[in-house]
Amino acid sequence: MKAIIIAAGTGRRISENIKQTPKSLIQVNGKSIIEYQIDALKKMNVEEIFVITGPYSEKFHLENVQYVKDENHDQHEILGSLMVAKEFLKGDVLVLYSDIIFTSEILENVVDSKKDIVIAVDMNWEEHYVGRTEHPLSEAENVLLDDQRRIKKIKKNISEDGSKVGEFLGIMKFDLEGSEKFVKTYDSVIKTNKGKFHDSDTVSKAYVTDMIQELIDSKIHVEPVFISGKWCEIDTMQDLKRAEELF
């Protein structure tokens with residue numbers, strides 16, 4: 001199994017002092033976010049790791065990883081960055097956002113799933129937003145489930161009374177068939193879609209969640225893996241301080 005880490009973003013929202021630092025290189029108790037991720041991946045025996053970089057890519061000096069530079073990072077959002085590494089998105093592969101820290105146990109839950117396409121979902125997500133005034137609930141990438149706990153919708157800020165709503169962690173896993181379905185669907189969308197693409201104005205400005213919704217609407221099964229355990233997203237200074245307390 002290989003892993004692709006989407007690390008083209010910067011830490012400008014966290015602090016002016018680190019706005020020219022790739023977000024994944026921000027230190028949490030003396031260790032960068034991406035080093036926490038790589039450690040978790042190695043515990044799962046994932047040795048082939050691809051890191052997608054954007055601005056300030058020269059600041060990456062990680063060993064035993066392969067870099068893919070997103071030369072046009074300012075022309076698209078995170079989905080476009082991921083697809084810069086499309087040639088490696090084949091076979092068994094994990095895809096990770098670069099601003100999350102998680103335990104290897106969470107990763108193990110995802111890897112153990114035998115489904116074609118899997119995403120990590122936290123059903124206790126709201127407790128992680130207590131005190132996060134700089135990153136409110138409305139910014140969560142939510143997952144709406146039906147009565148059989150199948151995914152109906154994935155987007156930011158889902159608020160439906162009485163419904164089952166979780167949060168997407170930014171961790172996906174594909175097997176051979178799953179990665180083929182993902183890339184084939186993306187290639188089709190690029191050729192045929194004009195104008196708005198789910199929650200984004202265009203495909204070029206789309207997020208990974210828009211692509212997951214496209215899969216669901218295309219009747220391609222996306223399996224939620226319900227995780228429990230320690231993890232956090234780091235998007236603001238409050239998040240960074242929380243991460244330092246947790247890890």
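Anyway, here's the lowdown on the structure attached to this text. Sequence order as written defines the numbering, with residues in each chain counted from 1. Thresholds applied to this predicted model are a pLDDT of at least 70 for local features of residues and 80 or more for the giving and counting of side-chain atom pairs; totals over whole chains, interfaces and linings are not thresholded and use all residues. As a rule here, side-chain values cover all heavy atoms of the structure and leave hydrogens and water aside.

## With respect to the overall build of the chain
Here's step 1: We count a stretch as a helix when DSSP gives it H or I for four or more residues in a row; a strand needs E for two or more, and each element gets its number in order from the N terminus. A count of helical and extended segments in the chain gives 6 helices and 13 strands.
Here's step 2: For a compact globule of 247 residues, the expected C-alpha radius of gyration is about 18 Å, and the chain comes in at 17 Å, within 12% of that figure.
Here's step 3: Seen along its three principal axes, the alpha-carbon backbone of the chain occupies a region of about 45 × 40 × 35 Å.
Here's step 4: Relative accessibility thresholds used throughout: buried, under 20% of the residue-type maximum; exposed, over 50%; partly exposed, between the two (1.4 Å probe, protein chains only). Across the 247 residues of the chain, 54% fall into the buried class.
Here's step 5: Two residues form a contact once any of their heavy atoms are found within 4.5 Å. For the chain, the share of sequence-separated contacts (at least 6 apart) that also reach a separation of at least 24 residues comes to 69%.
Here's step 6: Accessible surface is estimated by sampling points in the Shrake-Rupley manner with a 1.4 Å probe; for residues, cover comes only from the protein chains shown. Accessible surface, the chain: about 11,800 Å² in total, of which carbon and sulfur atoms supply 43%. In this setup the radius of gyration rests on C-alpha atoms only. A globule is expected at 2.2 Å times the number of residues raised to 0.38.

## Side note on the packing of aromatic side chains
Here's step 1: Whether two aromatic rings pair depends on their centres lying within 6.5 Å, for rings of Phe, Tyr and Trp, where Trp uses its six-membered ring; planes under 30 degrees apart make the pair stacked, over 60 edge-to-face, and the rest tilted. Taken as a whole, this structure holds 6 aromatic pairs when the rule is applied.
Here's step 2: Look at Tyr 36 and Phe 247: their rings are 5.9 Å apart centre to centre, the planes differ by 65°, and that puts the pair in the edge-to-face class. Here Tyr 36 is found in helix α1 (residues 33–43), whereas its partner Phe 247 is found in the segment after α6 (237–246), with 211 residues between them in sequence.
Here's step 3: With a centroid separation of 5.8 Å and an interplanar angle of 80°, the aromatic rings of Trp 125 and Tyr 129 are classed as edge-to-face.
Here's step 4: Taking relative accessible area as the criterion, Trp 125 reaches 6% and is therefore assigned buried.
Here's step 5: Judged by its relative accessible area of 7%, Tyr 129 is buried.
Here's step 6: A ring has a charge above it when a Lys NZ or an Arg CZ is no more than 6 Å from the ring centre and no more than 35 degrees off the ring normal. Taking NZ or CZ as reference, Lys 59 lies 5.2 Å from the ring centre of Tyr 56, over its face.
Here's step 7: When the ring centre of Tyr 129 is taken as origin, the NZ or CZ atom of Arg 132, which lies over that ring, is 4.4 Å away.

## Some points on the nonpolar core
Here's step 1: Residue types Ala, Val, Leu, Ile, Met, Phe, Trp, Tyr and Cys, when buried and joined through side-chain atoms within 4.5 Å, form a set referred to as a nonpolar core. Grouped together as the largest cluster of nonpolar side chains are 68 residues, with contacts concentrated most on Ile 119, Ile 171, Met 172 and Phe 182.
Here's step 2: Beyond its immediate sequence surroundings of up to four residues, Phe 182 is in contact with Leu 79, Leu 82, Met 83, Leu 89, Met 172, Phe 174, Met 211 and Leu 215.
Here's step 3: Core analysis: the next-biggest nonpolar cluster, separate from the first, contains 10 residues, Tyr 36, Cys 232, Ile 234 and Ala 243 among them.

## Considerations on the environment of Ser 200
Here's step 1: The residue Ser 200 is located in the loop between α4 (176–192) and α5 (208–217) in this model.
Here's step 2: Along the chain, Ser 200 and Glu 77 lie 123 residues apart, while their C-alpha atoms are 9.7 Å from each other.
Here's step 3: Excluding residues within four positions of it along the chain, Ser 200 makes contact with Lys 205, Ala 206, Tyr 207 and Asp 210.
Here's step 4: Polar contacts involving the side chain of Ser 200 include one to the main-chain carbonyl oxygen of Lys 205, which spans 3.2 Å. Whenever a nitrogen or oxygen atom comes within 3.5 Å of another N or O atom, the pair is scored as a polar contact, on the condition that within protein one atom can donate a hydrogen and the other can accept it, and that pairs from neighbouring residues in sequence are kept only if both atoms are in side chains.

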